[in-house]
Amino acid sequence: MGEQKVSSLVTGGAASAGPPLGPALGPLGVNIMEVINAINEKTKDFDGMKVPITVLVDSDTKKYEIEIGIPSAAALIMKEAGIQKGSGLSGTEWAGDVKIDAIIKVAGTKLESSYASSLKSVAKTIIGTCVSLGIKIEGKTPKEITAEINEGKWDEKFQQV
C-alpha cells in the first residue's frame, strides 16, 4: 500500500543488525542482514565516519531502496587529515594539517548538497569547520587561508574543479 522509511546515522561500512537499524527494519518484513550488507557496501568509502542513510521499503513487495547521505564536513575533513577527532583546544592546539586540495575536495562533495552558489563559498565554510577541529591548511591557520582566498591567491585551484 505504501512506503515505509527508516532513517539512521550509521558508521560507514560498519552498520549492524543491532539497534537502531535491526529493530526498525524487523517489522517491515525485509531480510535485515541483506539490507545491512547493502548499506555497508554503499558506505564503505566513508569508513569510520557517521553517514546518514535512509531505507525505503515498499510495504507490499518488500522491495527496498537505500539512500546514502553525505557525512558531515567535520567527518570528511578529519578523514582527509587522517585524524579520529579534532583538537579539544581549537585555536591553541592543532590536531592536523590538510592541503588546500583536501578542502576543495570536501567542498566539492558538499557543494552538491548545499545551497551555496560557489565552490569558494563552500570551501570557506569547510575552513570554518577546520577552526573548530583545530586543523591547519597548508601549514597556516584557517584565518590566514581565508584571507588568502579572499585575496584571490588560490583562485587557480578553484577553477580546476
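Residues numbered from 1 in each chain as written. Predicted model: local features only at pLDDT ≥ 70, side-chain atom pairs only at ≥ 80, totals over all residues. Heavy atoms only, no water.

What follows covers the overall build of the protein. Secondary structure assignment for the protein yields seven helices and five strands. When its helices and strands are written in sequence order, the protein yields β-α-α-β-β-α-β-α-α-β-α-α. Taken against the 2.2 N^0.38 rule, which gives 15 Å for 161 residues, the C-alpha radius of gyration of the protein at 19 Å runs more than 25% over that of a compact globule. Expressed as lengths along the three principal axes of its C-alpha atoms, the size of the protein is roughly 60 × 30 × 20 Å. Counting across all 161 residues of the protein, residues that qualify as buried make up 37%. Pairs at least 24 residues apart make up 59% of the contacts formed inside the protein by residues separated by at least 6 positions. (Helix = DSSP H or I, 4+ residues; strand = E, 2+ residues; numbered from the N terminus. Rg over C-alpha atoms; globule rule 2.2 N^0.38 Å. Buried < 20%, exposed > 50% of the residue type's maximum accessible area, 1.4 Å probe, protein only. Contact = heavy atoms within 4.5 Å.)

Once that is clear, we can look at the layout of surface pockets. Counted as a void, the largest pocket has a volume near 190 Å³. In terms of lining, the largest pocket is formed by Asp47, Gly48, Met49, Lys50, Ala75, Met78, Lys79, Gly82, Ile83 and Gln84. Among the elements that make up the lining of the largest pocket, the one with the highest residue count is helix 3 (residues 73-81) (three residues). A per-class count over the lining of the largest pocket returns four nonpolar, three polar and three charged. The volume enclosed by the second largest pocket comes to roughly 160 Å³. What lines the second largest pocket is Asp45, Phe46, Met49, Leu76, Lys79, Glu80, Lys105, Val106 and Thr109. Contributions of two or more residues to the lining of the second largest pocket are made by helix 3 and helix 4 (100-111). Within the lining of the second largest pocket, the residues separate by chemical class into four nonpolar, one polar and four charged. (1 Å grid on protein atoms, 1.4 Å probe; cavity = no way out; pocket = protein on both sides within 12 Å on 5 of 7 lines; lining within 4 Å. Points joined across faces, edges and corners; volume = space filled by probe spheres on them. Nonpolar A, V, L, I, M, F, W, Y, C, P; charged D, E, K, R; others polar.)

A few words on the side chain of Ser8. Here Ser8 is to be found in strand 1 (residues 3-11). Accessibility expressed as a relative area gives 14% for Ser8, which makes it buried. If sequence neighbours within four positions are ignored, Ser8 has contacts with Pro20, Leu21, Val51, Pro52 and Ile53.

Counting residues in each nonpolar core, the largest one holds 44 residues, and the members touching the most others are Leu21, Leu25, Ile39, Val55 and Ile103. Here this core gets seven residues from one element, more than from any other, and that element is helix 5 (residues 119-133). The contact partners of Val55, leaving out residues within four places of it in the chain, are Gln4, Lys5, Val6, Leu25, Val35, Ile39, Tyr64, Glu65 and Ile66. (Core = buried A, V, L, I, M, F, W, Y, C linked by side-chain atoms within 4.5 Å.)

Per the stated rule, a full pass over the model turns up six salt bridges. A salt bridge links Lys120 to Asp155, with the nearest nitrogen and oxygen atoms 2.6 Å apart. With Lys120 in helix 5 and Asp155 in helix 7 (residues 155-159), this residue pair connects regions lying 35 residues apart in the sequence. Take Asp155: its relative accessible area is 26%, and that puts it in the partly exposed class. (Salt bridge = Lys/Arg side-chain N within 4 Å of Asp/Glu carboxyl O.)

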